[in-house]
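Breakdown of the fold
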Amino acid sequence: MKAVFLAGGFGTRISEESVLKPKPMIEVGGKPILWHIMKLYSHYDIDEFVILLGYKGYLIKEYFANYYLHQGDVTINTADGTLEVHKNCREKWKITLVDTGESTMTGGRIKRAQQYIGSDPFLLTYGDGLSNIDIGELVAFHQSHEKCLTMSAVQPEGRFGIVNIEEGNENKITKFLEKPKGDNAWINAGFFVCNPQLFDFIPDGDDVVFEKQPLESLAEAGELVARKHNDFWMPMDTL
């Protein structure tokens, strides 16, 4: 089963870093966000990846093309051009890096990469969301209902504290909650399991936003199912 990553956006909400590199290459703990997500999937024996590139995609290509240089200790002999790797940082990954256009929208990126994704069920996520979601359980849940698409859903922390006000002369506050989790709303967490029929719901065109017409059409057709995740999830939107 392949895992497909959307990694081509401009990252405007974290422009302090993304002006120099694509958002998935911003480091957390000395490693790119993208690397952390790949390690999550690899933990569940998903080791074949299709990464959909756009903005500054060549930096992602460079990182994986020179993975040993980035991850290990090396000796470089400039006299004969040899390179000796001392620390084995080998991963059992097979990575296809696909240029899908700098300004292409999410649906357009997925559609452009169909030839590399193939005709089997696949996993899909964004290159900027970290989670401890159980990929194995997510896949098993998807297989149990036989619909086209499973979307993981989370309740993020609220933006503001809320107050319960007792109506009357004094307008007493009877309860205060500082940023309640999710504000009781569930949102798209970005970890999907997809059947190949998904491509039939994505129109041609680089301006197609996956989160709009395709997902809306899937919902109307009864082919979109949610699996709730109640543990760690965080979008990488700010420093």
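Please refer to the structure higher up on the page.
The text that follows walks through the structure, step by step, so that each part is easy to find. What you see is a predicted model; the values in this text were computed from it and never measured.

Reading guide: rules and limits
Residues numbered from 1 in each chain as written. Predicted model: local features only at pLDDT ≥ 70, side-chain atom pairs only at ≥ 80, totals over all residues. Heavy atoms only, no water. Core = buried A, V, L, I, M, F, W, Y, C linked by side-chain atoms within 4.5 Å. Buried < 20%, exposed > 50% of the residue type's maximum accessible area, 1.4 Å probe, protein only. Helix = DSSP H or I, 4+ residues; strand = E, 2+ residues; numbered from the N terminus. Contact = heavy atoms within 4.5 Å. Arc of directions from axis to C-beta. Patch = residues over 30% accessible without salt bridge, like charges linked within 9 Å, V, L, I, M, F, W, Y side chains within 5 Å. Areas by Shrake-Rupley, 256 points an atom, 1.4 Å probe, with all protein chains shown as cover. Salt bridge = Lys/Arg side-chain N within 4 Å of Asp/Glu carboxyl O.

1. Describing the nonpolar core
In this structure, F5, Y41 and F64 are the most contacted members of the largest nonpolar core, which totals 35 residues. Elements that contribute at least two residues to this core include exactly strand 1 (2–7), helix 2 (33–43), strand 4 (48–53), helix 3 (57–65), helix 7 (135–145) and strand 13 (187–194). Looking at which element gives the most residues to this core, the answer is helix 2, with seven residues. In this structure F64 touches L34, M38, I51, W93, I95 and L97, once residues within four positions along its chain are discounted. One finds L124, Y126, C194 and L198 within the second-largest nonpolar core, a separate group that totals 23 residues.

2. A word on helix 3
All of the buried residues along helix 3 are G57, I60, Y63 and F64. End-on, the buried residues of helix 3 take up no more than an arc of 115 degrees, which puts them together on one face. Set apart from the buried face of helix 3 by more than 90 degrees, the exposed residues are Y58 and A65. On its buried face, helix 3 is in contact with strand 1, strand 3 (31–32), helix 2, strand 4, helix 4 (67–71) and strand 7 (94–99).

3. Details of a nonpolar patch on the surface
On the surface, Y68, L69, I76, L83 and V85 cluster together into a nonpolar patch covering about 440 Å² of accessible area. Breaking the nonpolar patch down by element, the ones donating at least two residues are helix 4 and strand 6 (82–85). Tracing the sequence through the fold places L69 in helix 4. Residue class for L69 comes out partly exposed when judged on its relative accessible area of 42%.

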